[in-house]
Every structure is written in structure tokens, then in C-alpha cells.
Amino acid sequence: MAAQREWFEKDYYRILGVSENASQKEIKSAYRKLSRQYHPDANPGDVAAEERFKEVSAAYDVLGDPEKRKEYDEVRRLGPMAGGFGAGGPGGGPGATFRFDDIGDLGDILGGMFGRRRAGGARRGTGPHRGQDLETDLHLSFDDAVHGVTTTVHLTSEAVCSTCHGSGARPGTTPHTCPRCGGRGVLAENQGFFSFSTPCDVCGGRGYTIDDPCPTCRGSGVEHRPREVKVRIPAGVRDGQRIRLRGRGGPGRNGGPPGDLYVTVRVAPHPLFGRRGDDLTITVPITFPEATLGADIAVPTLDGGSVTVRIPPGTRSGRTFRVRGKGVHTKKSKGDLLVTVEVAVPQKLSAAERKAVEALAAASDGQSPRAHLGV
Ligand SMILES: [Zn+2]
Ligand SMILES: [Zn+2]
């Protein structure tokens, strides 16, 4: 068992300094040379040499035996098994404990590797499988994104079969407890080096067998159909944000866990307000007299109310005022309302207005704002 684990971690070819295509003869001579070099008798008290000697012996133990070498090559050919052996680190510590969702993959890999469990007409893809992860878009109004909402996502995907409710058996018939595994779905497998549960080859890990399959899903317990998934959107979601709904993806097979559903939020624009993170933005026109003399102006808020913003005398166009706490409220923070003023230039003037503006121009004669340009 321990030796087998090492197969995923140790490159015996490199340890012996031979290529993967090396002949048995080449392997043998490489081993002889190295074992002489690192033999404890030749290196008394040298711990590093002793370690090397052990490594070399372990490598030759496997590569020197054509049968074992073949299995070792197979194991290594499977490459990095994400979440399996690789991440656990060396030794038989916590890394040796397989998480539930790994069992299916491992069982499958081993089943494919040794080919036994496929024999006798066993179905392909047996063992517990995690359901698919699914993706969908959700269109939200600006307000719903700011305040949060509970809504329904519509998508067409794999789902638990609505005819048999996932049992795979034709309605009115009953699945039978699997005679091979007694309903456990797994068989305790002890290969000498491997020792863990593998999915039952008769029932495929379900624990029961079906005589009369469901006509809708043909026994799989899963069908492709439109689904509705209720989602709670938290306050303050942003356009393009991806929300993960754990376990709301495709259904698992043979007792495997369901996948996740990823919802990408698309937020519609607002006619008045914009968003900058948790801050709301709004652009408000002011008149030239308001900008020049100062004024208190009413500014709408997203909740339908208004706030008064004091514009100081001599405010230039484009200046932004911050109204604290009137932005997007999330669980973590309270955004502000950013009010940007824009001095409006009238397109039409009454006779009286024209007179007043001309009087202003005459009064400010000689004080051009472009004086510093020197032209
Ligand atoms: Zn069905
Ligand atoms: Zn079984």
C-alpha cells in the first residue's frame, strides 16, 4: 500500500539515471553500479548515502521486475491526479485519506487501469460521479442589484429525472437491492498494495439494480429539461459578478454529489444613477448663478427620496460632492452618493436674460479667464 502511493511521487527512472525506454539489462546494470556506489559498507556513517541506497533499491525493486514496471508505467501515465495523491504530500499522514468525491475518480482510474471491473458487461462510467458545474446569466434591474433580491433562474440542464425521481426504475416497479454489494454500492478491495473501496461492478455504485428502466431517462435517473432554481442575490452585486450556488448544478450520479451552479449577474443601467463599486453616481445640472453664488440644491436618492447638497460659491463645472451613506448598502459596507455638478449653458435666452448676460460680460470686461494663455 505504502509502496504504491510512492509510485505517484517518485520517478524511479530518474533515481536509477536511465531513460523510460531503458531495457531490463540497462536497468540492471545501472542499479548494480549505483548500489555499489552508495552501499552502506562503502559509506560508513554517511546518512545521505544510506538514503540514496534505499531509494535505488526501491526503484530497482519495481523497475527490475517487468510486471511491476508495467504497472508503474501505467500509474505514472495517468499523470497528476488532481486532488488525489499529489496534493496530500508524502507519507501516510492526512494526505492518505481520500475525500468522498475522490472515490469515484479513483475507482474509475483503477478500474480502467486493471480492467477487471469493466469485465462481465459492466456499464461504463460507473461509480459515484459529481454532477456537472453549470453556468447561466441572470439579468437584474439596477434597483434589485443594489438592494438584493430573491428571484428565479431558468435554465435547461441535466436534472433529476421527473418521471422516476432519480431512481432510474419505471414507475410502479421497484429497484432491487444489489446482490453483489448488498446495497452498499461499494466493494472493499484489497489488492495487497491498494486497499480502499471501489464502486460495485454489478450496480455501478448505486446499491440497487433495475430490472425495468424508466422510459424517460433510460435508467440513468437524470434527464435534460428546463429547470427553475431559486437564488438569493445579496445586496450590492455588481454587473458581471459571478455567484456560486453550491450543489445547484447538475445532479450527481450513483450517489455522487451534485455540481455547482454559477450565475453571472447582468445589471441593467439606471436612467439617473451609475455605480462605482459601492458608491452611486449622479450628474446634476446647476445654473451659472448657482455655481457662481452658491446654492442649496435637491438631489434625488435611489430610494425615491432626496438630499440637499450645498454648492459653495465659485463651484466649477465637473466638481463632485460626496453624500455619505447614500450609496449601496451591503452587509460589509455603506457606499456614498457621488454628486457631480455640471454648469448648464442655456440654449435659448429671453430678452431679459440676454440683457443680463450682456451686462455681466460688460462688467467683467478685461478679466478674461484665458489671460494666462498669453494670446
Ligand atoms: Zn427516470
Ligand atoms: Zn452493488
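For the structure itself, consult the block above.
Conventions adopted
Residues numbered from 1 in each chain as written. Chains lettered and ligands numbered in written order. Predicted model: local features only at pLDDT ≥ 70, side-chain atom pairs only at ≥ 80, totals over all residues. Heavy atoms only, no water. Core = buried A, V, L, I, M, F, W, Y, C linked by side-chain atoms within 4.5 Å. Buried < 20%, exposed > 50% of the residue type's maximum accessible area, 1.4 Å probe, protein only. Contact = heavy atoms within 4.5 Å. Donors = N, O, S within 2.8 Å, 3.2 Å for Na, K, Ca; no water. Helix = DSSP H or I, 4+ residues; strand = E, 2+ residues; numbered from the N terminus. Pairing = 2+ DSSP bridges. Axes fitted to C-alpha atoms, helices over the stretch in contact; angles between N-to-C directions. Tetrahedral: all angles 85-135°; square planar, octahedral: opposite > 155°, others 65-115°.

Quick word on the nonpolar core
I297, V299, V309, L337 and V339 are the most contacted members of the largest nonpolar core, which totals 38 residues. In this view, V339 contacts I282, V284, V299, V309, R319, T320, F321 and V323; residues no more than four positions away in its chain are not counted.

A short note on the coordination of the zinc ion (ligand 2)
Listed as protein donors to the zinc ion (ligand 2) are C178 (SG), C181 (SG), C200 (SG) and C203 (SG); their distances from the metal cover 2.2 to 2.3 Å. One chain supplies every donor to the zinc ion (ligand 2), and in sequence these donors are spaced C-x2-C-x18-C-x2-C. Pair noted here: C178 is in the loop between β3 (176-177) and β4 (186-190) and C200 is in the loop between β5 (195-199) and β6 (208-209), with a separation of 22 residues, a long-range link. Grouping residues by exposure puts C178 and C200 together as buried.

Description of the sheet that holds strand β9 (residues 261-267)
Across the sheet, which stays open at both edges, the three strands sit in the order β1-β9-β8 with mixed pairing between neighbours. A strand with exactly one partner marks an edge of an open sheet, and here the two such strands are β1 (134-140) and β8 (242-245). Adjacent strand axes in the sheet meet at a mean angle of 30° when their direction is disregarded. Relative to β9, β1 is paired through seven bridges, and the arrangement is parallel. Residue pairing across strands places D137 opposite T264, the latter belonging to β9.

Section: the coordination of the zinc ion (ligand 1)
Coordination of the zinc ion (ligand 1) by the protein comes from C161 (SG), C164 (SG), C214 (SG) and C217 (SG), over a distance range of 2.2 to 2.3 Å. Between the four donor atoms coordinating the zinc ion (ligand 1), the angles at the centre fall across 104 to 115°, so the site counts as tetrahedral. Positions of the donor residues of the zinc ion (ligand 1), expressed as sequence spacing, correspond to C-x2-C-x49-C-x2-C. On the criterion of sequence distance, the pair formed by C161 in the loop between β2 (149-160) and β3 and C217 in the loop between β6 and β7 (222-233) is long-range, its members being 56 residues apart. For C161, a relative accessible area of 1% translates into the label buried.

Topic: the pairing of β9
The buried count for β9 comes to six of seven residues, which makes it a mostly enclosed element. Of the pairings in the sheet, the one linking β8 to β9 comprises four bridges and is antiparallel in character. In the sheet register, R244 faces β9, and the bridge partner there is Y262.

Regarding the environment of A22
Within the fold, A22 resides in the loop between α2 (12-16) and α3 (24-38). Residues A22 and L63 lie 41 residues apart in sequence; the distance between their C-alpha atoms is 9.9 Å. In contact with A22, other than residues within four places in its own chain, are I27 and R69.

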